[in-house]
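# Analysis of the macromolecular model
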Amino acid sequence: MSNPRDIKPISYLKASTADAVRQVSEGRTMFITQNGEAKAVLMDVATYDRWRQAMALLKLVNLGENDAAKGRLHSTKAVLERFDRAAKRKRR
């Protein structure tokens, strides 16, 4: 996990929500435990947005790798020709 001071019990979050939000908004990520077990992660919105974008990109990479493994590949030339045909149809 992270720095031990960033691991807090849920009771801390209940009693010190404003302080927790302040710390997280300063760039720290906080791990919340319940009964000694990690249960949640508290992070600022910018970090969350970057995480979501990274996950979306990794999903696209994974989909591409799966297509390649199944032989669903097209040459760059074939793809560009298909785009050109579609663009010409759209202009009509």
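Reading the values: the criteria
- Residues numbered from 1 in each chain as written.
- Predicted model: local features only at pLDDT ≥ 70, side-chain atom pairs only at ≥ 80, totals over all residues.
- Heavy atoms only, no water.
- Core = buried A, V, L, I, M, F, W, Y, C linked by side-chain atoms within 4.5 Å.
- Buried < 20%, exposed > 50% of the residue type's maximum accessible area, 1.4 Å probe, protein only.
- Helix = DSSP H or I, 4+ residues; strand = E, 2+ residues; numbered from the N terminus.
- Contact = heavy atoms within 4.5 Å.
- Patch = residues over 30% accessible without salt bridge, like charges linked within 9 Å, V, L, I, M, F, W, Y side chains within 5 Å.
- Areas by Shrake-Rupley, 256 points an atom, 1.4 Å probe, with all protein chains shown as cover.
- Salt bridge = Lys/Arg side-chain N within 4 Å of Asp/Glu carboxyl O.
- Pairing = 2+ DSSP bridges.
- Axes fitted to C-alpha atoms, helices over the stretch in contact; angles between N-to-C directions.
- Lys, Arg positive; Asp, Glu negative; His and termini not counted.
- Charge placed at Lys NZ, Arg CZ, Asp CG, Glu CD.

### Some words on the nonpolar core
Burial of nonpolar side chains together is a common tendency in soluble globular proteins. In terms of nonpolar packing, the biggest core is built from 5 residues, these being Tyr12, Ala20, Val24, Met30 and Ile32. Every element with two or more residues in this core is listed here: α2 (17-25) and β2 (30-34). Aside from chain neighbours lying at most four places away, what touches Tyr12 is Thr17, Asp19, Ala20, Gln23 and Met30.

### Considerations on a nonpolar patch on the surface
Where nonpolar side chains cluster on the molecular surface, the patch consists of Tyr48, Trp51, Met55 and Leu58 and spans about 410 Å² of accessible area. Among the secondary structure elements, Trp51 is positioned in helix α3 (residues 45-69).

### Points about the sheet that holds strand β3 (residues 37-42)
If you trace the 3 strands from one edge of the open sheet to the other, you get β1-β2-β3, paired in mixed fashion. In this open sheet, the two strands that pair with only one neighbour each are β1 (7-9) and β3. The average angle at which neighbouring strand axes cross in this sheet is 35°, direction not considered. Two elements, β2 and β3, share 5 bridges in a ladder whose sense is antiparallel. Bridging from a neighbouring strand, Gln34 pairs with Glu37 of β3.

### Thoughts on a positive patch on the surface
A surface patch of like charges, here positive, comprises Arg82, Arg85, Lys88, Arg89, Arg91 and Arg92. Looking at the element boundaries, Arg89 is found in helix α4 (residues 76-91). Classification of Arg89 as exposed rests on a relative accessible area of 54%.

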